[in-house]
Amino acid sequence: MPSLVFSMLRDLDVRPGQRVLEVGTGTGWNAALLAHRVGAANVVTVEVDGAVAARGRAALERFGAPVEVVHGDGALGCPERAPFDRVIVTCGVRDVPGAWVRQTRPGGVVLVPWGTYYGADEATARLVVDEDGRIASGAFTRSVAFMRMRSQRFVWPRHDAYVSGAEAMDAAEVSYTDVPEDGLRRAGFVVGLRVRYVARNADRDRGGRRAVWFYGLTDRSWAVVVFRDGRERAKVYQSGARRLWDEVEGAFRWWEGHGRPGPERFGLTVGADGRAPAAWWGADRDAAWPV
């Protein structure tokens, strides 16, 4: 989408003469735009798919922008060309590789689409590397949707490993909720920030009945909320050591009580040592928690 490409390049704020690493070559168009801005010699782009890398390299050469195209794992960056002033990532991640922080100069920017296990909701995080080169931190800028980095693609848990037939449903704890279906969907990014290690899967409509499942990724806890047309309350089933729906509903109520904030009200902090990232809330970073 051209508008997204240009918005991300604006967030990157690249200046003439800066050295740029791109993760995910694709067609080569984004690399060509960067080359036009900073010079082809200052851009290196890494692509994990060999065929895609070859096509991107050929397109850049035809265009007259001989950017270096590396066929390799973008999670490793490109240490032989580091340090970089800017790193731009064109695939989604859940864990920001420490190599990207280590290979960026202090004060440099890493722009990366980031999301949680909770769902497909992502936002671009504009991370600025601190003067020691050990931490990168910054606010989310906009909602996006990218293919996930190949090494971080999620393998969905098998439903029957959690819910083994009607007996499991009969044994589950039952309650009701007035959380609206569309509100739960709109709050997805924020709920994902606040509820750790939970995957959500919305079933298709079945005659006016829609089930939204939640699976714990650290144990076999599960929950499902069943929305029905024409009903103000939805039925909830949950089972396991964690009460997943209680956690999700609590996060939704937090989102609602704070004015339904979008991703731009939050930020992300990651370390060059690959330690677990933390999210934070508010312009003054009023609170922070692991994600």
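Here the structure is shown first, and the text comes after it.
Residues numbered from 1 in each chain as written. Predicted model: local features only at pLDDT ≥ 70, side-chain atom pairs only at ≥ 80, totals over all residues. Heavy atoms only, no water.

Further remarks concern the overall build of the protein chain. When its secondary structure is counted, the protein chain shows eight helices and 15 strands. Here the C-alpha atoms of the protein chain give a radius of gyration of 21 Å, agreeing with the 19 Å that 2.2 N^0.38 yields for 291 residues. The principal-axis extent of the C-alpha atoms belonging to the protein chain is close to 65 × 40 × 35 Å. Each of the 291 residues in the protein chain was classed as buried or not, and the buried ones make up 52%. Put simply, 56% of the contacts in the protein chain that link residues at least 6 apart link residues at least 24 apart. Charge centroids of the protein chain, computed over 40 positive and 36 negative side chains, lie 2 Å from each other. (Helix = DSSP H or I, 4+ residues; strand = E, 2+ residues; numbered from the N terminus. Rg over C-alpha atoms; globule rule 2.2 N^0.38 Å. Buried < 20%, exposed > 50% of the residue type's maximum accessible area, 1.4 Å probe, protein only. Contact = heavy atoms within 4.5 Å. Lys, Arg positive; Asp, Glu negative; His and termini not counted. Charge placed at Lys NZ, Arg CZ, Asp CG, Glu CD.)

If you check which residues of helix α1 (residues 2-12) are buried, you get Leu-4, Val-5, Ser-7, Met-8, Leu-9, Asp-11 and Leu-12. Packing partners of the buried residues in α1 comprise α2 (29-38), β4 (84-89), β5 (104-115), β6 (122-129) and β7 (135-144).

This brings us to the pattern of salt bridges. All told, the structure shown has 20 salt bridges when counted by the stated rule. Between Asp-85 and Arg-105 there is a salt bridge whose closest N-O contact spans 3.2 Å. Of the two residues, Asp-85 sits in strand β4 while Arg-105 sits in strand β5, which places them 20 residues apart along the sequence. Since its relative accessible area comes to 16%, Asp-85 is described here as buried. By relative accessible area, which is 35% here, Arg-105 ends up partly exposed. (Salt bridge = Lys/Arg side-chain N within 4 Å of Asp/Glu carboxyl O.)

Inspection of the entire model under this criterion finds 16 aromatic pairs. Their ring planes at 65° and their centres at 5.8 Å tell us that Phe-6 and Trp-29 sit as a pair that is edge-to-face. A residue pair is termed long-range when its members are at least 10 positions apart, and Phe-6 in helix α1 and Trp-29 in helix α2 qualify at 23 residues. With relative accessibility at 44%, the residue Phe-6 sits in the partly exposed group. On the accessibility criterion, Trp-29 (38% relative accessible area) is partly exposed. Just above the ring of Tyr-162 sits the side chain of Arg-220; from NZ or CZ to the centre is 4.7 Å. One residue, Arg-285, lies across the ring of Trp-280, its end atom 4.0 Å from the ring centre. (Phe/Tyr/Trp six-rings, centres within 6.5 Å; stacked < 30°, edge-to-face > 60°. Lys NZ or Arg CZ within 6 Å of the ring centre and 35° of its normal.)

Below, the discussion takes up the sheet that holds strand β10 (residues 209-216). Ordered in space as β8-β12-β11-β10-β9, the five strands form an open sheet in which the pairing is antiparallel. In this open sheet, the two edge strands, each paired with only one partner strand, are β8 (173-177) and β9 (198-202). The mean inter-strand angle of the sheet, taken between neighbouring strand axes irrespective of direction, is 20°. Here five bridges tie β8 to strand β12 (residues 234-239), and the two strands are oriented antiparallel to one another. Looking at β12, one finds that Thr-177 is bridged to Ala-234. (Pairing = 2+ DSSP bridges. Axes fitted to C-alpha atoms, helices over the stretch in contact; angles between N-to-C directions.)

Moving on to the packing of α1 against α2. Close contact between α1 and α2 brings their axes to 11 Å; oriented N to C, the two are set at 40°. Relative to α2, the element α1 is oriented oblique. Crossing hand, α1 versus α2: right-handed. Contact with α1, carried on its side by Pro-2, Val-5, Phe-6, Leu-9 and Leu-12, involves Trp-29, Asn-30, Leu-33 and Leu-34 of α2 and no other residues of that element. Taken together, the residues of the contact of α1 with α2 break down into eight nonpolar, one polar and no charged. (Parallel < 35°, antiparallel > 145°, perpendicular 65-115°, else oblique. Left-handed = near helix turned anticlockwise from the far one by under 90°. Nonpolar A, V, L, I, M, F, W, Y, C, P; charged D, E, K, R; others polar.)

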